[in-house]
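Chain residues, written in single-letter form:
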2 protein chains.
Amino acid sequence: MTVPGQIDPPPRLLMGPGPISAYPSVLRAMSAPLVGQYDPFMTATMSETQELYRQVWGTRNDATLLVDGTSRAGIEAALVSLIRPGDRVLVPVFGRFGHLLAEIAERALAEVHTIEVEWGQVFPVSVVRAAIERVKPHVVALVQGDTSTTMLQPLDEIGEICRAHGALFYTDATASLGGNPFEMDAWGLDAATAGLQKCLGGPSGSAPLSLSERAVEVVRSRARIEAGIREDGDPDAADFIRSNYFDLGMILDYWGPRRLNHHTEATSMLYGARECARLLLEEGRDAVIARHRLHGDAMLAGVRGLGLTVFGDVAHKMTNVVAVEIPAAVPGDAARTAMLERFGIEIGTSFGPLHGRVWRIGTMGYNARADAVLQTLAALEQVLRRFGASVPVGGGVDAAEDVYAAATRAASQPAEDATAG
Amino acid sequence: MTVPGQIDPPPRLLMGPGPISAYPSVLRAMSAPLVGQYDPFMTATMSETQELYRQVWGTRNDATLLVDGTSRAGIEAALVSLIRPGDRVLVPVFGRFGHLLAEIAERALAEVHTIEVEWGQVFPVSVVRAAIERVKPHVVALVQGDTSTTMLQPLDEIGEICRAHGALFYTDATASLGGNPFEMDAWGLDAATAGLQKCLGGPSGSAPLSLSERAVEVVRSRARIEAGIREDGDPDAADFIRSNYFDLGMILDYWGPRRLNHHTEATSMLYGARECARLLLEEGRDAVIARHRLHGDAMLAGVRGLGLTVFGDVAHKMTNVVAVEIPAAVPGDAARTAMLERFGIEIGTSFGPLHGRVWRIGTMGYNARADAVLQTLAALEQVLRRFGASVPVGGGVDAAEDVYAAATRAASQPAEDATAG
C-alpha cells in the first residue's frame, strides 16, 4: 500500500438527518493545541464546559458532563448506570431509537416492557401514564426526537407521572437538543443524553449527559473503585455497574473536584463540545430554537411546494428534520445519489419500515440557514424532474421564500407599531 | 454566566507519560469538513484507515478498526466481547494498567486470576507460562507497556504458549504502540487495543483495535442484532455480549462491507486517527521506533546527567518514557508545577505506590525530538537547583548531546566506509 496523502474531504452540504456540516468555529476548536490531563487549563475547561451544558439542558444538575464516545455511548452510560439487573424498564417506542433503548436495557439485563405506536406518531400522555401504572417501572426510557420518523415526543407532563410512581425518567435527546425546547429540571427528567452531530452542530464523538440528584444517588449506591487506585474507605458495592467505561460514578469523580483518574479525557472532542454549547448560548438558546423552527418551516413548505407528501404527524414533527414520501415514479436511492454526486448535497433515507419509502431532509445546526434550504430545494427540483417526476417550476424555492418573507414581515411588525404609536 | 470566548489553550510542551502534544498535521486533520456517514468518501476513508492500522499493528487481520472512545473504551470492547461470564481470565499485573484489565474483566463477570511482580519489573516468560498451565485461562490479558512504571513486557513468546493451551491472547498497547516494536501476527496475538495520545501523536478519543480470526469467531458466536434493524435470519445468541456499544460483532458489521448502522462514526476522530497512522507509515514504522529509541536514550542519559536515579529495570523500559526518583530534598509536586507554570513544560508523577515518589518524563510522538528533550532537561536543571538540589551544571543537556553526537557518528559511519573502500 502506498501511503496516502492528508485527508481532503469533498465539499458537502449535509442536509440529511445528521451528522450535519459542523459550525466552522467548532472545526477550528478541534484543532486547538492539546494540554495535559490535569493542567489547570484543562480542568478549568472541563468545569466551564459543564456549566455551559447546564444551560443547554436547562438544569442546575451538578452531574452534567460529557461521555467520551458517540451519542450511543451516552445512552448506554445512562442506562447501565441506572438499571440494575432485573429492574423493570418501560420503553415507549415510536421509532428506531426506541428499539435501541430497549435493546440496550435488555443487554443491561433489565425486564424490558415496550409499548408502541405506529411510526409517524407520538404517544398521548394518557397512554404513557397507563403503561407506567401497569408496569410499575424502575426506569422510563423515552426518546425525545426520533430521527427515524422525525417525531418529537412531548415530555413535559411525563416527569411528574414518573415521580409519582417512583420511576426514574430518562430521555435520549440526541436528535432534538438545541433545535427544540428542552427543560431538564422543569420537566422532571432524571437523566438525559445527546450527541453533537445534530442541532448542536459538531462532529459525532462526544455525548453530553446530565443526571438529577435522584439519579446520582442510584449511581453512587453502586460505586466500585478500581483496585489500582482504590484507597482505604473507598466503597465497593456488590451490586456494581457492569461496565467500567460507562460507570457514571467514576466519570463523575473524574469531572468532579476529586479529579480521580478514569479515562483520559478526549481533549479535542472536549474543545469541540465546548464550542457547540458556547455558540448556542452566544446566539441564545431560544434564538437557536427559533432559527431551527424558521428554517424547518421553510423546508417543510418547500418540499410541499415541490408536490411532495410529508410523512407522519406534522404537528409533532421536530423542527430540524422533515420526512417526505418518495414519489412512486422516482428511484429513491438513485435520486439521493444524484443529489450527492452532482450537487454535493446529502439527504437521507430511513430505517426499517421507512427505508426506501421516505427521504429525510434536515435543517440543523450550522445548516439551519436560508442558503442551505434554498440550495437544497433548487437541487431537489432539478433531480426530481430528471427522474421523471412532475414538479411545479420553482415551487420549492418560492414556497420557502414565502415563509422567509412572512417571518421578515412579522419581525418588523412590532417596530412599525412602535413608530405608529 | 457570561458566555466565554473561543478556546485558546496556553502553549504547552507535553513531556509527561501522555497525553502528549499532537502532531500539527493531526490537529489540522481534525478540523477537516465533515461528510455523511455513508458518503462514499467516508466509507472509503474508514476502509483506508483500517488498512493503515493493519500496517501499524503488523497484521493481516481483516478485523482491524477504531472503537469510538478513549483507549479504555478499546480495552473494554475487547474484553467484554471476548469474555463470557464465568470465563477464567489470567492477568499478569506489573503496574496500574494491569489492575485496570483485571477490574474490567471482573465487571464482565470473569473469574479473574492475577499474578504480580514488583512495580518496576516485568514477567519472565517462564512465570507467565507456569500461570497459564495452572489457571488454564480462556483469555490472557497482559499490558505491553505500563506507563505507571514505564516497563515494557516482552510479548513475543507468549502467544505460542497461549495457543498451545487454548487461551486467547489480548494486549493493551496504548502506551507502547508506535514507539516500541509490535508484531500482532508474528507474536500470535488475538486481540490488541491502543489509543492515539501516546506514541501515535494524536488526541485521546479513538481506540485502534485488531482481532485475529480466532477472536472474531468468539465474537461472532455471541452475535445479537438490535430489534430496530434486525432482519429475518439474523443471529440472536442467548449468550450475547452485555454491551451494545462495545459489541465488536456489531462494530465489525458497521466497518465491514455490510455497513450495518451501529453508532455514528466520530468523523473528526477518524480523520485524526488516520493522520496518526499515515504519518507513522510515511516516516516508516522502524524509523519511528528508532526515533523514539534515540530520543528516549537521550532523555535517559540526560536525567542521569542531572544526577537523578532512574526507577525500575532500565533494560525493560519503554523507549518513550522514563521514571526518575524525586530527590529527597525536592518537593515533587511543587517542582512539577514550576516546570509547567514557568517553562510551559509538563512532566508527570505516577499512581499508587509511586505517587510523589517518581516523576515520569515522556519523549513520544511529535515530542520525540531533540529540541523537546533539550528544553526539558535545561528547564529541569534550573528547577531542581531552585528547589535546593545539587545538580551538575549543564549535566543533563551535555549527556543528551553526547547521545545525539554518538548517533550522528554511527549514522555517518557506513558512508565513510564506503568512501574508504
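Residues numbered from 1 in each chain as written. Chains lettered and ligands numbered in written order. Predicted model: local features only at pLDDT ≥ 70, side-chain atom pairs only at ≥ 80, totals over all residues. Heavy atoms only, no water.

Draft legend 1. Expanded view of the overall build of chain A. A count of helical and extended segments in chain A gives 13 helices and 13 strands. Relative to the compact-globule value of 22 Å for 421 residues, chain A shows a C-alpha radius of gyration of 23 Å, a close match. Projected onto its principal axes, the C-alpha positions of chain A cover 75 × 70 × 55 Å. The buried share of chain A, reckoned over its 421 residues, is 66%. Considering only contacts in chain A between residues 6 or more positions apart, those separated by 24 or more positions represent 71%. If you sum the accessible surface of chain A, you get close to 14,200 Å²; carbon and sulfur atoms cover 51% of it. (Helix = DSSP H or I, 4+ residues; strand = E, 2+ residues; numbered from the N terminus. Rg over C-alpha atoms; globule rule 2.2 N^0.38 Å. Buried < 20%, exposed > 50% of the residue type's maximum accessible area, 1.4 Å probe, protein only. Contact = heavy atoms within 4.5 Å. Areas by Shrake-Rupley, 256 points an atom, 1.4 Å probe, with all protein chains shown as cover.)

Draft legend 2. How the structure looks around the sheet that holds strand 10 (residues 207-211) of chain A. Residue and element names in this part refer to chain A. One open sheet holds the seven strands; their spatial order is 2-10-9-8-5-3-4, and the pairing between them is mixed. Here the strands that pair on one side only, and so sit at the sheet edges, are strand 2 (63-67) and strand 4 (111-116). Within this sheet the neighbouring strands show an average axis-to-axis angle of 15°, counted without direction. Pairing analysis gives two bridges linking strand 3 (residues 88-93) to strand 5 (residues 139-143), with the strands arranged parallel. (Pairing = 2+ DSSP bridges. Axes fitted to C-alpha atoms, helices over the stretch in contact; angles between N-to-C directions.)

Draft legend 3. Spotlight on the sheet that holds strand 9 (residues 191-193) of chain B. All names here are of chain B. Here seven strands make up an open sheet; going across it, the order is 2-10-9-8-5-3-4 and the pairing mixed. Of all strands in the sheet, those bounded by a partner on one side alone are strand 2 (63-67) and strand 4 (111-116). Averaged over all pairs of adjacent strands, the angle between their axes in this sheet comes to 15°, without regard to strand direction. Note: strand 2 against strand 10 (residues 207-211), five bridges, orientation antiparallel. Bridge pairing links Thr-64 to Ser-210 in strand 10.

Draft legend 4. Just the confidence of the model for chain A, in detail. Summing up the model confidence of chain A, the mean pLDDT is 95 and the portion of residues at 70 or higher is 95%. Predicted complex metrics record ipTM = 0.96 and pTM = 0.96. (pLDDT = per-residue confidence, 0-100.)

Draft legend 5. Representation of the interface of chain B and chain A within the structure. Chain B puts 85 residues into the contact, and the matching count from chain A is 85 residues. Between chain B and chain A lies a buried interface of about 7,200 Å² when both sides are counted; carbon and sulfur atoms form 61% of it. On the chain B side of the contact with chain A, Ile-7, Leu-34 and Arg-107 of chain B bury the most area, a combined 12% of that side's loss. A salt bridge links Arg-12 of chain B to Asp-39 of chain A, with the shortest nitrogen-to-oxygen separation between them at 2.5 Å. Summed over the shared surface of chain B and chain A, the result is 30 residue pairs in polar contact (both at pLDDT 80 or more). For the side of chain B that touches chain A, the secondary structure elements donating two or more residues are helix 1 (24-30), helix 2 (40-57), helix 3 (71-82), helix 4 (96-107) and helix 9 (267-283) of chain B. Per-element accounting of the side of chain B that touches chain A gives the leading share, nine residues, to helix 9 of chain B. (Buried area = accessible area lost by both parts, 1.4 Å probe. Salt bridge = Lys/Arg side-chain N within 4 Å of Asp/Glu carboxyl O. Polar contact = N/O pair within 3.5 Å; in protein donor to acceptor, adjacent residues only side chain to side chain.)

Draft legend 6. View of the relation of the copies chain B and chain A. With an RMSD of 0.0 Å, the fit of chain B onto chain A corresponds to turning through 180° and sliding 0.0 Å along the axis. Each copy turns onto its partner about a two-fold axis. The C-alpha atom lying nearest the rotation axis in chain B is that of Gly-69 of chain B; the distance is 2.3 Å. Taken as a fraction of all interface residues of chain B, those also at the interface in chain A reach 100%, which identifies the copy contact as same-surface. (Least-squares fit on C-alpha atoms with pLDDT ≥ 70 in both.)

Draft legend 7. Molecular detail of the packing of aromatic side chains. Residue and element names in this part refer to chain A. Inspection of every chain in the model, using the stated rule, returns 17 aromatic pairs over all chains. Residues Phe-97 and Phe-351 carry aromatic rings whose centres are separated by 6.1 Å and whose planes lie at 85° to one another, so their mutual orientation is edge-to-face. Here Phe-97 is found in helix 4 (residues 96-107), whereas its partner Phe-351 is found in the loop between strand 12 (345-346) and strand 13 (358-362), with 254 residues between them in sequence. Note on Phe-97: relative accessible area 18%, which makes it buried. (Phe/Tyr/Trp six-rings, centres within 6.5 Å; stacked < 30°, edge-to-face > 60°.)

Draft legend 8. Quick peek at the nonpolar core. Counting residues in hydrophobic clusters, the biggest one holds 198 residues, and the most contacted among them are Tyr-53 and Phe-182 of chain A together with Tyr-53 and Phe-182 of chain B. If near-sequence neighbours (up to four positions away) are discounted, Tyr-53 of chain B is found in contact with Thr-64, Leu-66, Leu-196, Leu-200, Pro-208, Ala-273, Cys-276 and Ala-277 of chain B. In this structure, Leu-13, Ala-298, Ile-345 and Leu-374 of chain A belong to the second largest nonpolar core, which totals 35 residues. (Core = buried A, V, L, I, M, F, W, Y, C linked by side-chain atoms within 4.5 Å.)

Draft legend 9. Representation of the environment of His-165 of chain A. Residue and element names in this part refer to chain A. Note on placement: His-165 falls in the loop between helix 6 (158-164) and strand 8 (168-172). Here the alpha-carbon distance between His-165 and Pro-137, two residues 28 residues apart in the chain, equals 8.2 Å. Every residue in contact with His-165, bar those within four places of it in the chain, is listed here: Ile-132 and Glu-133.

Draft legend 10. Here's a closer look at the pairing of strand 8 (residues 168-172) of chain B. Residues and elements named next belong to chain B. A large share of strand 8 lies buried, amounting to five of its five residues. One ladder, built from three bridges, connects strand 8 with strand 9; its direction is parallel. The partner of Asp-172 across the bridge, within strand 9, is Thr-193.

Draft legend 11. Summary view of the pattern of salt bridges. By the definition in use, this model includes 36 salt bridges over all chains. Linking Arg-278 of chain B and Glu-275 of chain B is a salt bridge whose minimum nitrogen-to-oxygen distance equals 2.8 Å. Here Arg-278 of chain B pairs with Glu-275 of chain B, and both are found in helix 9, just three residues apart, close to one helical turn. Take Glu-275 of chain B: its relative accessible area is 1%, and that puts it in the buried class. Across the pair Arg-369 of chain B and Asp-371 of chain B runs a salt bridge, and its minimum N-O distance is 2.8 Å. Through salt bridges with shared partners, a single network forms among Glu-51, Arg-54 and Asp-62 of chain A.

Draft legend 12. Here's a closer look at unusual backbone geometry. Residue and element names in this part refer to chain A. Residue Pro-19 is bonded to the preceding Gly-18 through a cis peptide linkage, with omega at 5°. Its place among the elements puts Pro-19 in the loop between strand 1 (13-14) and helix 1 (24-30). Of note in the backbone geometry, Lys-136 takes a positive phi value of approximately 50° without being a glycine. By the element assignment, Lys-136 lies in the loop between helix 5 (125-135) and strand 5. Lys-136 sits in the exposed class, given a relative accessible area of 53%. Although it is not a glycine, Thr-150 adopts a positive phi angle of roughly 75°. Within the secondary structure, Thr-150 is located in the loop between strand 6 (145-146) and strand 7 (151-152). Overall, the relative accessible area of 0% leaves Thr-150 in the buried class.

Draft legend 13. Seen up close, the side chain of Lys-317 of chain B. All names here are of chain B. Positionally, Lys-317 belongs in the loop between helix 10 (285-305) and strand 11 (321-325). Despite its burial, Lys-317 pairs with no opposite charge, the nearest such side chain being Asp-297 at 6.1 Å. In terms of polar contacts, Lys-317 uses its side chain to reach the backbone carbonyl oxygen of Val-321, at 3.0 Å. Residues contacting Lys-317, with those up to four places away along its chain left out, are Thr-150, Met-151, Leu-152, Leu-300 and Val-322. (Lys, Arg positive; Asp, Glu negative; His and termini not counted.)

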